Amino acid sequence: MKVPFLDVRSAYIELKSEIDEAVSRALDSGWYIFGEEVARFERSFADYTGTRFAIGVGNGLDALRIALMAMGVSEGDEVIVPSNTYIATWLAVTQCGAHPVPVEPDANTLNIDPQRIEQAMTSKTKVILPVHLYGLPAQMGPILELARRKGVRVLEDGAQAHGARYRGELIGGHGDAVTWSFYPGKNLGAFGDAGGVTTNDAELAEQIRTIANYGSKVKYVNEVCGVNSRLDPLHAAALSVKLPHLEEWNTRRVQIAEYYQRHLQNTSVRVPVSPPDCVSSWHLFPVFSRRRDALQARLKEAGIETLIHYPIPPHLQQAYRFLGYEKGAFPIAEAMAETELSLPIGPHMTLEQAAYVCEIIAGFE
Ligand SMILES: *Cc1c(COP(=O)(O)O)cnc(C)c1O
């Protein structure tokens, strides 16, 4: 049996006629920047996440960078980031000229450890930037409490968390703003690069909108040195068709995840557990094994595609050599990079495929 890691094409096949119609309507409209399709998607995504404002931008990295710029982050500022995340989280900080201050995750939730954040804060800390890694919400309660006490902002990287819930509420409006990626492989994905920001803060929303559009509210009048990062109407049209299916698709991910959790119980891998106040969007299903590379090879041999998220933590990347970190600086993040393996999961995967994956792992000595 072949089990692809994620079949992104099947969402298109499922909704082909509606998506084709929406994209062709967008093409027919003659509006290729901003316009009704973008406004419609922004409105429906804000409604879905229960936030006042959603602003479409070009991709998830830009969403992070623009949101940080809108929060006034610049040279000399420090931003608290997880030591274990996709490098985009750190890149957004350094692109603003600011300094990323890594904080280790809780070894159980794999998300930034609220207890360690306070120790890492200094008078230069401007923003705490938690990531809802793999789709599991970070511990927003303690993080928001700390941020309020210290007078700093909270920006959440929600790139993997479309539809995830913390204490019953969808990720979207807990912190000052949440950034989103609609990269094709995300739980809500476009047919190319796309991203967005949600917030309940009207001033921040306006600032983000301005920065994303050349720092301009009125054409050819530039208030700040902005960037050009806008959500394409073609992607917005497709995303509007996909959004109403997100909950159902996530439910299918939950079924796969629960199947894995049940059937991998007594095997050689460690499976993730969800804290009681969190509902994961199960963007990824990570398992942990000391013999990760051999397990990955065995699964590959059996026709099962897996990926590693992520093989090198940001502090050990060549790109961040200038920060001066040595191996051993962040042992939890490093151990995750050495042992993590993401199993296939997605809305179009079958339980038969999940059973086959479990069978191979159970037979792996
Ligand atoms: C995908 C991702 C991003 C970046 O999104 P792009 O749209 O690819 O720029 C940022 N942070 C995390 C955690 C991601 O998974």
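Here, residues in each chain are numbered from 1, in the same order as that chain's written sequence. This being a predicted model, a pLDDT of at least 70 is required before a residue's local features are given, and a value of 80 or more before pairs of side-chain atoms are given or counted; all residues contribute to the totals for chains, interfaces and linings. Where side-chain values are given, they derive from all heavy atoms of the structure, hydrogens and water being excluded.

The name that an unreviewed UniProt entry assigns to the protein is DegT/DnrJ/EryC1/StrS family aminotransferase, with the source organism given as Paraburkholderia sabiae. UniProt positions are given in the numbering used here, feature names are shortened, and annotations may be inferred rather than shown by experiment. The UniProt entry for the protein carries this comment under Sequence similarities (unreviewed entry): "Belongs to the DegT/DnrJ/EryC1 family."

> Residue-level account of unusual backbone geometry, with values.
Residue His309 is joined to Tyr310 through a cis peptide bond whose omega torsion reads 10°. Numbering goes from the N terminus for both helices and strands, where a helix is a DSSP run of H or I of at least four residues and a strand is a run of E of at least two. Topologically, Tyr310 is positioned in the loop between helix H11 (292–301) and helix H12 (331–339). Although it is not a glycine, Trp282 sits at a positive phi angle of roughly 50°. Following the sequence through the fold, Trp282 ends up in the loop between strand E12 (278–279) and strand E13 (285–288). Only protein chains enter the accessibility calculation, which uses a 1.4 Å probe; a residue is then buried when its area is under 20% of its type maximum, exposed when over 50%, and partly exposed in between. The class of Trp282 is buried, set by a relative accessible area of 7%.

> Any details on the nonpolar core? Residues and values, ideally.
Joining through side-chain atoms within 4.5 Å is the link that ties buried Ala, Val, Leu, Ile, Met, Phe, Trp, Tyr and Cys residues into a set, and such a set is a nonpolar core. Of all hydrophobic cores here, the largest spans 40 residues; its most connected members are Phe41, Phe45, Ile80, Ile117, Ile128 and Phe182. Contributing elements (two or more residues each) for this core: helix H3 (36–49), strand E3 (99–103), helix H6 (114–120), helix H7 (140–150), strand E8 (177–181) and helix H9 (233–242). We call two residues in contact when some of their heavy atoms are within 4.5 Å. Filtering out sequence-adjacent residues up to four positions away, Phe41 remains in contact with Phe182, Leu188, Leu231, Ala236, Leu239, Ser240 and Leu243. Ranked by size, the runner-up nonpolar core spans 32 residues in total, among them Val73, Val79, Val197 and Ile208.

> Describe the sheet that holds E12, with residues and values.
When DSSP finds at least two bridges between two strands, those strands are taken to pair. What the 3 strands build is an open sheet, ordered E7-E6-E12; its pairing is antiparallel. Because the sheet does not close on itself, it has two edges, and the strands there are strand E7 (169–170) and E12. Alignment of strand E6 (residues 165–166) against E12, held across 2 bridges, turns out to be antiparallel. Among the inter-strand pairings, Tyr166 is bridged to a residue of E12, identified as Cys278.

> Lay out the pairing of strand E5 (residues 153–157) in plain terms, naming residues and giving numbers.
Among the 5 residues of E5, 4 are classified as buried, and the element is accordingly described as predominantly covered. Handedness of a crossover is defined as follows: with both strands directed away from the viewer, a clockwise route from the first strand across the helix to the second makes it right-handed. Handedness of the crossover joining strand E4 (residues 125–128) and E5 through H7 is recorded here as right-handed. As defined by bridge partners, E5 adjoins E8 across 3 bridges and the pair is classed as parallel. What sits directly across from Glu156, in E8, is Val178.

> Lay out helix H10 (residues 246–263) in plain terms, naming residues and giving numbers.
Between its first and last C-alpha, H10 extends 26 Å over 18 residues, near the 26 Å set by a 1.5 Å rise per residue. Buried residues of H10: Leu246, Trp249, Asn250, Arg253, Ile256, Ala257, Tyr259, Tyr260 and Gln261, and no others. Buried positions along H10 lie against helix H1 (9–14), H3, H9, E13, strand E14 (340–343) and helix H13 (351–362). By this rule the span expected of a helix is its residue count minus one, scaled by 1.5 Å.

> Before we move on, can you summarise the environment of Ile360 with the specific residues and values?
When you line up the elements, Ile360 lands in helix H13. On the basis of relative accessible area, Ile360 is assigned to the buried category, the value being 8%. With 65 residues separating them along the chain, Ile360 and Leu295 place their C-alpha atoms 9.3 Å apart. Discounting residues that sit within four places of it in the chain, Ile360 has contacts with Arg298, Leu299, Ala302 and Ile304.

> Give a description of the packing of H10 against H13 that names residues and reports values.
Helix axes are fitted to C-alpha atoms over the stretch in contact, other axes to C-alpha atoms as well, and angles between N-to-C directions run from 0 to 180 degrees. At their nearest, the axes of H10 and H13 sit 10 Å apart, and the two run at 30° to each other. With respect to H13, the element H10 is oriented roughly parallel. Relative to H13, H10 is oriented so that their crossing is right-handed. On H13, the residues touching Gln255, Ile256, Tyr259, Tyr260 and His263 of H10 are Leu351, Ala354, Ala355, Val357 and Cys358. Taken together, the residues that form the contact of H10 with H13 break down as 8 nonpolar, 2 polar and no charged. An angle counts as roughly parallel when it lies under 35 degrees, as roughly antiparallel when it exceeds 145, as roughly perpendicular when it falls between 65 and 115, and as oblique in every other case. Note: crossing handedness is left-handed where the near helix turns anticlockwise from the far helix by less than a right angle, and right-handed where it turns clockwise. Three classes are used, and their members are as follows: Ala, Val, Leu, Ile, Met, Phe, Trp, Tyr, Cys and Pro are nonpolar, Asp, Glu, Lys and Arg are charged, and the others, Gly among them, are polar.

> An account of the site of the ligand is needed here, citing residue identities and associated values.
Only a single heavy atom is needed: when it lies within 4 Å of a molecule or strand, its residue is near that molecule or strand. In the region of the ligand, the neighbouring residues are Asn59, Gly60, Leu61, Tyr86, Ala88, Val131, Asp157, Ala159, Gln160, Ser181, Lys186 and Tyr310. Note that accessible areas follow from Shrake-Rupley with a 1.4 Å probe, and for residues the cover is restricted to the protein chains shown. Coverage of the ligand by the protein amounts to 91% of the 380 Å² it exposes when considered alone. Detection works on a 1 Å grid of protein atoms alone, calling trapped sets that fit a 1.4 Å probe cavities and calling open sets with protein on both sides within 12 Å along at least five of seven lines pockets, with lining residues defined by an atom within 4 Å of a point. Each molecule is checked against the cavity or pocket grid, and it sits inside if more than half of its atoms lie within 2 Å of the grid points. Taken atom by atom, the bulk of the ligand overlaps the largest pocket. When its residues are assigned to classes, the shell around the ligand shows 6 nonpolar, 4 polar and 2 charged.

> Describe a nonpolar patch on the surface, with residues and values.
Surface patches are defined over residues having more than 30% relative accessible area and no salt bridge, joining like charges when they lie within 9 Å and nonpolar side chains (Val, Leu, Ile, Met, Phe, Trp, Tyr) when within 5 Å. The term salt bridge refers to a side-chain nitrogen of Lys or Arg lying within 4 Å of a carboxyl oxygen of Asp or Glu. There is a patch of nonpolar side chains on the surface, built from Leu27, Tyr32 and Leu234 and spanning about 290 Å² of accessible area. Relative to the helices and strands, Leu234 resides in helix H9. What makes Leu234 partly exposed here is its relative accessible area of 35%.

> Pulling in residues and values, what's your account of the sheet that holds strand E2 (residues 78–82)?
Note: strands within a sheet are paired through backbone hydrogen bonds, in either parallel or antiparallel orientation. Taken in spatial order, the 7 strands line up as E1-E9-E8-E5-E4-E2-E3 in an open sheet, and their pairing is mixed. For this open sheet the edge positions go to strand E1 (53–57) and E3, each flanked by a neighbour on one side alone. Each adjacent strand pair in this sheet contributes to an overall mean axis angle of 25°, direction not counted. When E2 meets E3, the two strands line up parallel, connected through 5 bridges. Residue pairing for E3: Pro82 is matched across the bridge by Val103. Along the sheet, helix H8 (residues 202–212) contacts E1, E5, E8 and strand E9 (195–199); its crossing angle with E1, the most-contacted strand, is approximately 15°.

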